[in-house]
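Residues per chain are reported as follows:
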Amino acid sequence: APASAFAGFGIALLSFVSALALVWVDYRSEKNGTVRPAGGSSHGPAAATPSKDLELGDVSSPASPTSAEELQHPFLLSYFSTLPKTLWFLAAGCALCYGATFPFVAIAKTYFERIYGMDAGTASYDTGLFHLLGALLCPLVGLAVDRVGKSPIWLGISSSGLAAVFAILLMFPGALNAIFVMMALSLMYATFIAGLWSFVNYTTPSAAGGFALGIMIAATNFGLATNPLVVGTILDAHTGTAVGVEGSPVPLSTSDDELLPSAQGFHYVLIFLIFTSLLALLNAFVLWRVDKANKGILMADPAKRVALKAEMDEQLIAEWRRIDAEALEGERR
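Residues numbered from 1 in each chain as written. Predicted model: local features only at pLDDT ≥ 70, side-chain atom pairs only at ≥ 80, totals over all residues. Heavy atoms only, no water.

**Student:** Tell me about the overall build of the protein, and please be specific about residues and values.
**Tutor:** Looking only at helices and strands, one finds 11 helices and 2 strands in the protein. Starting at the N terminus and walking to the C terminus, you meet the elements of the protein as α-α-α-α-α-α-α-α-α-β-β-α-α. With 333 residues in all, the protein has 40% of them scored as buried. Across the protein, every contact between residues at least 6 apart in sequence was considered, and the portion connecting residues at least 24 apart equals 75%. Only carbon and sulfur atoms are counted for the fraction: they give 67% of the accessible area of the protein, which is about 18000 Å². (Helix = DSSP H or I, 4+ residues; strand = E, 2+ residues; numbered from the N terminus. Buried < 20%, exposed > 50% of the residue type's maximum accessible area, 1.4 Å probe, protein only. Contact = heavy atoms within 4.5 Å. Areas by Shrake-Rupley, 256 points an atom, 1.4 Å probe, with all protein chains shown as cover.)

Next up, the structure:
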């Protein structure tokens, strides 16, 4: 326990030092003119040379002032109703996909002990592979997502994969190798991570980027808070007893088993996680339909997404200015 506490403290300290270093690098970059300060103009090289993104967006077109307007037009809560529907379905995808994956990862050790008959050390090792593989797979899947685009498809693949893994575990307990189970879940995790987070900036202008990410994180935390409560309640109700031959609860035979939920408890948990995964799949389908009805930016190829984003940003900022004008007119009355 002390070693774990010191390790956690060391990681937190390293994170704090990294944050300070990031602030310092950003400050030096603005001072040297390498990057443009938010809300202003730079007098260094960045000011003299248009960025690649602006070139792709065709700065000579009527939509070209969008980037400059974004810097001078902060997002206000009065614009809340203008946020696109695609953002809300991406947020729902966060809640559902995280809510289907991490509750199982949290109970995977006890699941493998009960269903696979593993000892605690082996079960812990196999469970830990999820995060290790995720660290390796996320950049690779992200590279594929950058090249292909089509966020709803990646979310659909991830949701279908999660439902399939949980369904096999439900129907054929112990049939899949435990390491394969964690590898499959890790791959699905990397898939929905890349398919969700990399497309948030295409749903809103940069001025609302922080607010949009806040919505996504709030939805993620909601899924990580509610689904584990449901899973925990189910397992608590099935801990300390096992189901007898005729379905009647009987005491478990050993003291170690008394600490583990029964197989029936895990059965109900898997049903719940399958249901959550299927909701995520339905959400991905609805996201595709909504995106298709609104220019299809999430399904567009990378080159087309840049032009579509410039057009959508211009429309949103025009709507914000209309709201400002109506508010100002109301004050004058």
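Now that the structure has been shown, the text picks up again.
**Student:** Tell me about the side chain of T86, and name the residues and values.
**Tutor:** Mapped onto the secondary structure, T86 falls in helix α5 (residues 85-115). Each residue touching T86, except ones within four places of it in the same chain, is listed here: T203, L287, V290, D291 and L298.

**Student:** Describe in detail a nonpolar patch on the surface, supporting the description with residues and values.
**Tutor:** Side chains of F9, L13, F16, V17 and L20 sit close together on the surface and give an oily, nonpolar patch of about 520 Å² of accessible area. Relative accessible area serves as the criterion here: at 44%, L13 is assigned to the partly exposed category. (Patch = residues over 30% accessible without salt bridge, like charges linked within 9 Å, V, L, I, M, F, W, Y side chains within 5 Å. Salt bridge = Lys/Arg side-chain N within 4 Å of Asp/Glu carboxyl O.)

**Student:** Can you tell me about helix α7 (residues 151-171), naming the residues and giving the values?
**Tutor:** Taking 1.5 Å of rise per residue, 21 residues should cover 30 Å, and α7 covers 30 Å from first to last C-alpha, within 8% of that figure. Extensive coverage of α7 is indicated by the burial of 15 of its 21 residues. (Expected span 1.5 Å × (residues − 1).)

**Student:** Before we move on, can you summarise the environment of F112 with the specific residues and values?
**Tutor:** As for its placement among the helices and strands, F112 is situated in helix α5. Between the C-alpha atoms of F112 and G174, which are 62 residues apart in sequence, the distance is 8.4 Å. With residues up to four places along the chain from it excluded, the contact list for F112 reads G117, M118, A123, D126, T127, A178, V181 and M182.

**Student:** Would you mind going over the packing of aromatic side chains in detail, with residue names and values included?
**Tutor:** One pass over the full model with this rule turns up 17 aromatic pairs. Their ring planes at 10 degrees and their centres at 5.7 Å tell us that Y98 and F102 sit as a pair that is stacked. Placement of both Y98 and F102 in helix α5 is noted, with a separation of 4 residues, approximately one turn of the helix. By the ring-pair criterion, three or more aromatic residues cluster together here, those being F104, Y111, F112, Y116, F166 and F266. (Phe/Tyr/Trp six-rings, centres within 6.5 Å; stacked < 30°, edge-to-face > 60°.)

**Student:** Describe in detail the pattern of salt bridges, supporting the description with residues and values.
**Tutor:** Note on pairing: side chains with opposite charge can pair once their charged atoms come close. Summed over the entire model, instances satisfying the criterion amount to 3 salt bridges. A salt bridge links K295 to E311, with the shortest nitrogen-to-oxygen separation between them at 3.0 Å. Taken together, the positions of K295 in the loop between α10 (263-293) and α11 (302-332) and E311 in helix α11 put the pair 16 residues apart, joining distant regions of the chain. For the salt bridge of E319 with R322, the shortest nitrogen-to-oxygen distance reads 2.3 Å. Of this pair, E319 and R322 both sit in helix α11, 3 residues apart, which is roughly one turn of the helix. A residue is classified by how much of its surface remains accessible, and E319, at 26% relative accessible area, is partly exposed.

**Student:** Please set out the nonpolar core residue by residue, giving values where relevant.
**Tutor:** Ranked by internal contacts, the top residues of the largest apolar core, which has 74 residues, are F104, F112, F166, L169, V181 and L185. Elements supplying a minimum of two residues to this core: α5, α6 (120-148), α7, α8 (178-197), α9 (209-237), α10 and α11. Looking at this core element by element, the count peaks at 16 residues for α5. Not counting residues up to four positions away in its chain, the partners in contact with V181 are F104, F112, Y116, V165, L169 and L176. (Core = buried A, V, L, I, M, F, W, Y, C linked by side-chain atoms within 4.5 Å.)

**Student:** Kindly report on the packing of α5 against α6, identifying the contributing residues and their values.
**Tutor:** When two helices pack together, you describe them by how their axes are tilted relative to each other and by the distance separating the axes. One can describe the packing of α5 onto α6 by two numbers: an axis separation of 7 Å at closest approach and a directional angle of 160 degrees. Looking at the two axes, α5 sits roughly antiparallel to α6. Considering the relative orientation of α5 and α6, their crossing is right-handed. Contacts between α5 and α6 pair T101, F102, V105, A108, K109, F112 and E113 from the former with A120, A123, S124, D126, T127, F130 and H131 from the latter. (Axes fitted to C-alpha atoms, helices over the stretch in contact; angles between N-to-C directions. Parallel < 35°, antiparallel > 145°, perpendicular 65-115°, else oblique. Left-handed = near helix turned anticlockwise from the far one by under 90°.)

**Student:** Quick rundown of the state of the cysteines? Include the residues and the values.
**Tutor:** Under the definition given, this model contains 0 disulfides. Between C94, a cysteine without a disulfide, and C97, which holds the nearest cysteine sulfur, the sulfur-to-sulfur distance is 7.7 Å. (Disulfide = S-S within 2.5 Å.)

**Student:** Explain the side chain of S158 to me, using residue names and the numbers behind them.
**Tutor:** Tracing the backbone through its elements, the reader meets S158 in helix α7. Overall, the relative accessible area of 0% leaves S158 in the buried class. Setting aside residues no more than four positions away along its own chain, S158 makes contact with M188, T191 and F192.

**Student:** Residues and numbers for α11, please.
**Tutor:** For α11, built from 31 residues, the straight-helix expectation of 45 Å at 1.5 Å per residue is met to within 8% by its first-to-last C-alpha distance of 45 Å. Listed as buried for α11 are R305, L308, K309, A310, M312, D313, L316, I317, W320 and I323. The N-terminus of α11 is capped by D301, whose side-chain oxygen sits 3.0 Å from the backbone nitrogen of K304. (Polar contact = N/O pair within 3.5 Å; in protein donor to acceptor, adjacent residues only side chain to side chain.)

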